[in-house]
Amino acid sequence: MKNIIVAEAQGFCWGVRRALDIVEKHGELSILGDLIHNKQVVGKLEAKGKRVIHEVTGKENTPIVITAHGTTTENIAKVRNLDMQLIDTTCPLVSSIYEEGAKLEQEGYHILILGDRNHVEVRGIASRMREPIIANSFADLSAAKLPERVGVICQSTFSPKIFDQMVEAVRARCEEVKVKNTICAPTKRRQESAETLAKQVEVMVVVGGFHSSNTKKLATLTSKYVETHHIETATQLKESWFKEKNEIGITAGASTADWIIEEIADQIASFA
Ligand code: SF4
């Protein structure tokens, strides 16, 4: 008999749920980038006339939606200059990163953002800072020229452990370092629950978009403890992963709907 345990904190985070609720309340919309890294949910939204666009052209004829992880000040200015309606679903926890960065700059620190420079959230944060340094890895950090006074902030979904290690490396190189850990509380809780569960099961299934930054981090974390499989849907499950394994853990990234997790748990149970 298989024991399938779903992590205590997993799936949709508060900020993504909030963004989806706002979008659901409107009619046709143009969503700038991925509202959610979840093809299944995006498909359902598209069926209701809410389409994803990758740049604002002015020919949209619908309000433009800024997603939960925000956007650059350039994009916002473009929408306003074109006199289009803007629906901003930026998560308040992302907005607070803008504020923390601005405060550090006012105090005279040069901003270092720990995060993925290609991610919409980091691009949005960077656009609000004065020539920030961006590092996503120790290699990036080694290659970066760091000034004497550095103010550190990070992407909301950054790994708490790597954050601490990278901050230590910055402290070793700079005269004065002020740190604001801007990893959001839901991300911290998801990582802690995933880690706890990974230590007690024989195999982990991590559910979420293959491009979802927080899902990839969950999979990297649990794979340190146990065999881990990252999937997007139940159809990607393989019966062989669960052969002779009775303790099975499931966790999911912030963009994964509850019904997808339920479907996956049912499918694994059917492999008995
Ligand atoms: S992961 Fe955190 S910052 Fe991002 S939308 Fe969710 S709650 Fe907000």
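Residues numbered from 1 in each chain as written. Predicted model: local features only at pLDDT ≥ 70, side-chain atom pairs only at ≥ 80, totals over all residues. Heavy atoms only, no water.

Caption draft 1: Inspection of the packing of aromatic side chains at higher detail. Inspection of every chain in the model, using the stated rule, returns two aromatic pairs. Seen in terms of ring centroids, Trp241 and Phe242 are 6.1 Å apart; in terms of plane orientation they differ by 65°. Their pairing is edge-to-face. Residue class for Phe242 comes out buried when judged on its relative accessible area of 1%. Centre to centre, the rings of Phe242 and Phe271 are 5.8 Å apart; their planes meet at 25°, and the pair counts as stacked. Taken together, the positions of Phe242 in the loop between β11 (227–231) and β12 (247–252) and Phe271 in the segment after α10 (258–269) put the pair 29 residues apart, joining distant regions of the chain. Taken together, Trp241, Phe242 and Phe271 form an aromatic cluster joined through their ring pairs. One cation-aromatic arrangement involves Lys44 over Trp259; the distance from NZ or CZ to the ring centre is 4.3 Å. Of note, Arg149 hangs over the ring of Tyr109, and the distance from its end group to the ring centre comes to 4.2 Å. (Phe/Tyr/Trp six-rings, centres within 6.5 Å; stacked < 30°, edge-to-face > 60°. Buried < 20%, exposed > 50% of the residue type's maximum accessible area, 1.4 Å probe, protein only. Helix = DSSP H or I, 4+ residues; strand = E, 2+ residues; numbered from the N terminus. Lys NZ or Arg CZ within 6 Å of the ring centre and 35° of its normal.)

Caption draft 2: A look at helix α9 (residues 213–223). With eight of eleven residues buried, α9 lies mostly within the body of the structure. Taken together, the buried residues of α9 touch α8 (185–198), β10 (203–207), β11 and β12. (Contact = heavy atoms within 4.5 Å.)

Caption draft 3: Quick peek at helix α2 (residues 39–47). Residues Val41, Val42 and Leu45 constitute the buried set of α2. Along the axis of α2, the buried residues cluster in a sector spanning 100°; they form a single face. In α2, those exposed residues whose orientation departs by more than 90 degrees from the buried face are Lys39 and Ala47. As for α2, its buried residues are in contact with α1 (14–24), β2 (29–32) and β3 (50–53). Once α2 finishes, Gly49 follows within two positions and takes phi at roughly 80°, a positive value. (Arc of directions from axis to C-beta.)

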